[in-house]
Amino acid sequence: MKINNTKLEKIIKKEITPQTQKEFIETLKKSQLYMPVIYNTNIIKEIEKTKPGDIIEPQEQISFDINYLQYDEKNKAIPLFTSNEIIESINLKSSTIAIYMSDLAEMLKQTDKYALITINPLTEYDINMSIETFLNIFKEPTKEEKEFLNYLNEVLNSLTQHSIELEENTTLFIKDNTNFMVENATDGIFTPNIPFYASTNPEYEEHLKYTNILLMPKSKKILPIKTDNDLNIIIAPGTQFKLQDTMDGTQNLWMCGEQPFYDEKE
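All residue numbers refer to position in the chain's written sequence, counted from 1. With pLDDT at 70 or above as the cut-off, local features in this predicted model cover only qualifying residues; side-chain atom pairs require 80 or more to be listed or tallied, and sums for whole chains, interfaces and linings still use all residues. To obtain the side-chain values, all non-hydrogen atoms of the structure were used and water was disregarded.

(A) Here's a closer look at the sheet that holds strand 10 (residues 189-190). By this definition, two strands are paired if DSSP reports at least two bridges between them. Secondary structure elements follow DSSP: runs of H or I of four or more residues count as helices, runs of E of two or more count as strands, with numbering from the N terminus. The mixed open sheet is built from five strands, whose spatial order is 9-12-16-15-10. Whereas interior strands pair on both sides, the edge strands pair on one side only; in this sheet they are strand 9 (170-176) and strand 10. As paired elements, strand 15 (residues 241-245) and strand 16 (residues 251-256) share four bridges and run antiparallel to each other. Directly across from Lys242, in strand 16, lies its bridge partner Met255.

(B) Inspection of the environment of Gln244 at higher detail. Considering the arrangement of structural elements, one finds Gln244 in strand 15. Through-space distance from the C-alpha of Gln244 to that of Trp254 is 5.3 Å; in sequence the pair is ten residues apart. Dropping the residues within four chain positions of it, Gln244 is found in contact with Leu253, Trp254 and Met255. Here a polar contact means two N or O atoms within 3.5 Å. Within protein one must be a hydrogen donor candidate and the other an acceptor candidate, and residues neighboring in sequence count only if both atoms are side-chain atoms. A distance of 3.1 Å separates the side chain of Gln244 from the backbone oxygen of Lys242, its partner in a polar contact. Residues count as neighbours in contact if any of their non-hydrogen atoms are within 4.5 Å of one another.

(C) Expanded view of the sheet that holds strand 14 (residues 233-235). Strand order in the open sheet formed by four strands is 8-13-14-11, with antiparallel pairing between adjacent strands. In the strand order of this sheet, the two ends are held by strand 8 (164-165) and strand 11 (196-198), each with one partner. Sheet analysis places strand 8 next to strand 13 (residues 221-224), joined by two bridges and oriented antiparallel. What sits directly across from Glu165, in strand 13, is Lys221.

(D) Spatial organisation of helix 7 (residues 143-162). The first and last C-alpha atoms of helix 7 sit 28 Å apart over 20 residues, in line with the 28 Å expected at 1.5 Å per residue. Per-residue accessibility, obtained with a 1.4 Å probe over protein chains only, is compared with the maximum for each type, and a residue is labelled buried under 20%, exposed over 50%, and partly exposed between these values. Taken together, the buried positions of helix 7 are Leu152, Val155, Leu156 and Leu159. The buried residues of helix 7 occupy an angular sector of 100° when the element is viewed end-on, so they sit on one face. Of the exposed residues in helix 7, those oriented more than 90 degrees away from the buried face are Lys143, Glu154 and Gln161. On the buried face of helix 7, the contacting elements are helix 2 (18-30), strand 11, strand 13, strand 14 and helix 9 (260-263). To estimate the expected span of a helix, subtract one from its residue number and multiply by 1.5 Å. What the arc describes is the spread of directions from the helix axis to the C-beta atoms.

(E) Examining the side chain of Ser199 more closely. Position of Ser199 relative to the elements: it lies in the loop between strand 11 and strand 12 (210-216). Overall, the relative accessible area of 0% leaves Ser199 in the buried class. Side-chain polar atoms of Ser199 contact the backbone nitrogen of Asn201, separated by 2.9 Å. Among the polar contacts made by the side chain of Ser199, one reaches the main-chain carbonyl oxygen of Asp230 at a distance of 2.8 Å. Residues within four places of Ser199 in sequence aside, it is in contact with Leu172, Phe173, Tyr204, Asp230, Leu231 and Asn232.

See the structure below:
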């Protein structure tokens, strides 16, 4: 059976941003992937007895086991592939079935044998996902989750349609009682995965312990908004901030870098 996952493969190869993550999940939910399996001995015997052109009519329901990968000493991974060509490229010798991801999710609700799924394992563009995360993408969102998603979509649409390009170097501020930007930075780079609120007012919320000073060079994009508080700027998700200095330990200086959110819209 030939299936076409060209769209999913293209998304997998893109840079990871909140937008590509959303696109990946929505596409994966509707996809049919190849899963390696081991058929029961009865069907194998029937296949061995056939000649070219024969039609197999099993006398009982065909059953199989997933031909899993041992991820580590305790955890098993379910391998999934987007195409036969990728299966051949890693020289995998196994029977496969084409399975819709929604059907796989229903199967996995009945077992706790597996820890994660891995898409196109042993290739340059492999993706690993815990079983819990995989099952969650098929859950119906709660009322609160729907309201948040609607709000998030409104903000993302506003960022796309109404963001402005800075005409001069600008400094923004974000304050908190936790040092969350430093604590969540990777190799000194903080990348918010949702829209990020900041202020043009250096004196707002002075009682908060930590101050993050954001240096926004000319030509970077922001979304000014009207608000009842001092958080009057929205920065697009995926924007990279590189730590320049921790100053006195409670003030952190950051330089704005790449903004892939806007690159995808051009």
